[in-house]
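Take a look at the letters that make up each chain.
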Amino acid sequence: MITSLANWILTFDILSGMGSSVAWGLSLFVVAALIFVFVAVNAIVLVYIERKVSAFMQVRLGPMRVGKFGTLQTVADALKLLQKEDIIPKMADKVLFIVGPWVILVASVVTFAAIPFSDTLLAANMNIGLYYIVSISSIVVLGIVMAGWASNNKWSLYGAMRSAAQIISYEIPVGITLIAVVAVVGSLNLQTIIEAQGGTGNLFYWIPIPLPNWFIFHNPFLFIAAFVYLIGATAEINRTPFDIPESESELVAGFMTEFSGLRWALFFLSEYANATLVAFLVAIVFLGGWQSPFADYEGTQIGFSIITLVAIMWTLFVRTKTGRLSVYPLGLSFVITIAVWLFPGFAIWLASPGIFWMLMKVGTIIFLLMWFRWTFPRLRVDQLMYVSWKVILPLSLINLMGVAIWMWLTGEIQF
Amino acid sequence: MGRLNAEEMVLNMGPQHPSTHGVLRLKLRTDGEIVSHIEPVIGYLHRSFEKHAENLEYQMVTPFTGRCDYLAAMGSEHGYAMAVEKMMGIELPERVEYLRVIFAELQRIASHLVAVGAFGLDVGAITPFIYCFRERELILDLFEMASGARLLYNYIWIGGLAHDVPPGFVEKTYEFLDAFDERVAEYNQILTGNKIFIERAADIGVMTPEVAINYGVTGPSLRASGVNIDIRRTEPYSIYDRFDFDVPLGQGLQGTIGDSWDRYYVRVLEMTESAKIIRQALDQLPVEGDVKSAIPRRIRPPKGEIYFRSENPRGELGYYIVSNGKNVPLRLKMRSPAFSNLSVINEIGQGWMISDVIAILGSLDIVLGEIDR
């Protein structure tokens, strides 16, 4: 297995003529550029998807004019933002005003260096990958405070102070929930964490329902931990219902109030980069990362048949207005099931680990985050702190203890 | 180490702010997130309605009334028309009365939809707002059918209506009503019962009945405090005494009586009650009748003065008109419900956080056009 993208690039023949240090630097640069391109394209795609998702939730169409189904709308918006006049308020602290957005962007882009997209595709295979991501992503708060303070605007200041308080409070429970998983695996390496989740296992070790061996199904405490992490992480990336730092109906735009044009685009970029990062972490740590949910191709066939059966049952028996299933998921699962039974090759492909499953899981989590955003109202500052310190933090501590006890009971660790 | 020198900060909320429902400026004295004093500064939308009215003939004032409370133009026109009619002693055809009630109640639903949706927006829920506007569009379609306009109608004239409703109007209104009850259930599902929403609205900005009465708060905000005063019921005007409807009161279902949640929920309930009134009015609507038959050739109310009040979506809308027998009012004063409702903000908003002040302001449902006139 190639340990990192940079090493893989070094194997190219073109680089063989250069000196080894030049080649090494060049390959690092290529990797960095690739990550940045991923983040930028990802933001553009996600903004489009978020607009469409929100539109469908709100009985609208969303962007429809630029490109087919408005697909080029966000590209056009990005170009517009690039062209806009660069405004720095007169009384602003110029240096911090300029540096702030970049600090946020860099902090959120750099984390992707440690994210494994598949078993071979990753920029750096660190043995402390999880620790690296958690620590680097918390630098974001520095940029936010810089931006909020530099704007010399009361609303920005409120936004920045709220954000600092929020991110710092939620970092602790989030970190502790992640430690629970680390306790199970015994490693901070993300690849090791994912590899530990391969194959099939029973639900909560004892209940004989065959499920993928993901940590969310590993034991009841990790099941809770997954949700605690998702809630905490939603708060850490300032998304609704925890979007108080930029709550548009209260603080105008929070710490972003005075920013426009490219600098504002940087905030946006990092916001979506952070959302993606959280989705990646949930997928990696709790949902088996690039592991397929099916053990082999027979498993795929049976698995999809069960999914279709459930969908059919749902359609037949759940007929309430809000609970009923749309025709699309039913049709999709039906088509996939037939395909899986007809073409074993397809089933084998589905059963094999890869970037497809990773992106599927990440996409699902991101959709969940969008769903939150367009459904929930916003919490108040003190309620947010209450949730963090009095609900989520104790819960995550109990979880950590519970995981340890559970593992001792099931004999996974011995003293 | 000396003492940390912390002082209060004055924060200008508005006139350019997403949650001030127009161009209101709130001068907040804040200690961190806690607001210790709120001073509303109004007048940014002042258009001299009352002075204008002193130079306009009576029938020419009608369109201006709609421009005051632009979210409830039908209600404003209705109140004004009734005031002048009472001065002149005009008897209206039955059909006119019924159609006016139908329009006033449709307007009440439309206005409450904005209030409910915007309150959701103020506490951060964006989607319910769009849902509310979806239904409001249907009502505006009905208004467009009847008057040709969607926001400012100039439809209810002194002594009658501008036109009769077009064929198909009654059927379309029935259709709307049939769909509407289900939609209200949808709002309740997405917003009313939402845990976060309850946390944000319940027990926030409690307005006791005493405070409400002292400040002259009227309408749903008053009834949310448990005071049973609805002019449609206490002094029935027009033909409201013929209909069977309830006056929803705040019961403190999620917190204290008179909190923001109650003010929100009373509006939700009132929409259902208005739908009930419209349904009854449509059932009883006389088929025959010329809506213009009672419109006087000359509008010259006899010498004297009148104060006429009606129940607008926002509260007691009063018109005080002094006539000297000419075709131009000597003085026209509008008692704006939102003005009195806004005045209570310092009393009930003190000591809450900035986010709460916005929620409280949203729950009072003000329209700046009417406050500034």
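Predicted model only: the values in this text are computed from it and were never measured.

1. Comments concerning the overall build of chain B
In step 1: Along its length, chain B carries 15 helices and eight strands.
In step 2: For chain B, the C-alpha radius of gyration of 21 Å lies close to 21 Å, the compact-globule estimate for 373 residues.
In step 3: The buried share of chain B, taken over its 373 residues, is 52%.
In step 4: The long-range share in chain B, meaning contacts at least 24 apart out of those at least 6 apart in sequence, stands at 72%.

2. A word on the overall build of chain A
In step 1: Looking only at helices and strands, one finds 16 helices and two strands in chain A.
In step 2: Against the 2.2 N^0.38 benchmark of 22 Å for 415 residues, chain A shows a C-alpha radius of gyration of 23 Å, consistent with a compact globule.
In step 3: Along the first, second and third principal axes, the C-alpha atoms of chain A reach 65 × 65 × 55 Å.
In step 4: Buried residues in chain A amount to 44% of all 415 residues.
In step 5: Across chain A, contacts joining residues at least 24 apart in sequence account for 75% of those joining residues at least 6 apart.

3. Here's the deal with the packing of helix α4 (residues 94-122) of chain B against helix α11 (residues 260-284) of chain B
Residues and elements named next belong to chain B.
In step 1: Two elements in contact, α4 and α11, have axes separated by 9 Å at closest approach and are oriented at 160°. When the axis of α4 is compared with that of α11, the two are roughly antiparallel. In terms of crossing hand, the pair formed by α4 and α11 is left-handed. Contacts from Tyr98, Val101, Ile102, Glu105, Leu106, Arg108, Ile109, His112, Ala115, Val116 and Phe119 in α4 reach Tyr264, Arg267, Val268, Glu270, Met271, Ser274, Ala275, Ile277, Ile278, Ala281, Leu282 and Gln284 in α11.
In step 2: In terms of residue class, the contact of α4 with α11 is made up of 16 nonpolar, three polar and four charged.

4. Remarks on the confidence of the model for chain B
In step 1: On average, residues of chain B score 87 in pLDDT, and 99% of them are at 70 or above.
In step 2: As scored by the predictor, the complex reaches a pTM of 0.84 and an ipTM of 0.80.

5. Some thoughts on the pairing of strand β7 (residues 315-323) of chain B
Residue and element names in this part refer to chain B.
In step 1: As paired strands, strand β6 (residues 304-312) and β7 are joined by nine bridges and run antiparallel to one another. For Gly304, the partnering residue across the bridge sits in β7 and is Ser323.
In step 2: Linkage of β6 to β7, two consecutive antiparallel strands, is achieved through a turn of two residues.
In step 3: As paired elements, β7 and strand β8 (residues 331-335) share five bridges and run antiparallel to each other. Bridge pairing in β8 links Val322 to Arg331.

6. Re unusual backbone geometry
In step 1: The phi dihedral of Val59(A) falls on the positive side, at around 55°, and the residue is not glycine.
In step 2: Mapped onto the secondary structure, Val59(A) falls in the loop between α2 (20-57) and α3 (73-83).
In step 3: Taking the number of C-beta atoms within 10 Å as the measure of exposure, Val59(A) has 11 and is therefore exposed.
In step 4: Not every positive phi belongs to a glycine, and Ser238(B) is a case in point at roughly 45°.

7. Focus: the packing of helix α3 (residues 73-88) of chain B against α4(B)
Residue and element names in this part refer to chain B.
In step 1: At their nearest, the axes of α3 and α4 sit 7 Å apart, and the two run at 140° to each other. In terms of axis orientation, α3 runs oblique to α4. The two elements α3 and α4 meet at a crossing, and its hand is left-handed. Contacts between α3 and α4 involve Met74, Gly75 and His78 from the former and Arg100, Phe103, Ala104, Gln107 and Arg108 from the latter.

Cut-off values and rules
- Residues numbered from 1 in each chain as written.
- Chains lettered and ligands numbered in written order.
- Predicted model: local features only at pLDDT ≥ 70, side-chain atom pairs only at ≥ 80, totals over all residues.
- Helix = DSSP H or I, 4+ residues; strand = E, 2+ residues; numbered from the N terminus.
- Rg over C-alpha atoms; globule rule 2.2 N^0.38 Å.
- Buried ≥ 20, exposed ≤ 12 C-beta atoms within 10 Å, placed from the backbone.
- Contact = placed C-beta atoms within 7 Å.
- Axes fitted to C-alpha atoms, helices over the stretch in contact; angles between N-to-C directions.
- Parallel < 35°, antiparallel > 145°, perpendicular 65-115°, else oblique.
- Left-handed = near helix turned anticlockwise from the far one by under 90°.
- Nonpolar A, V, L, I, M, F, W, Y, C, P; charged D, E, K, R; others polar.
- pLDDT = per-residue confidence, 0-100.
- Pairing = 2+ DSSP bridges.

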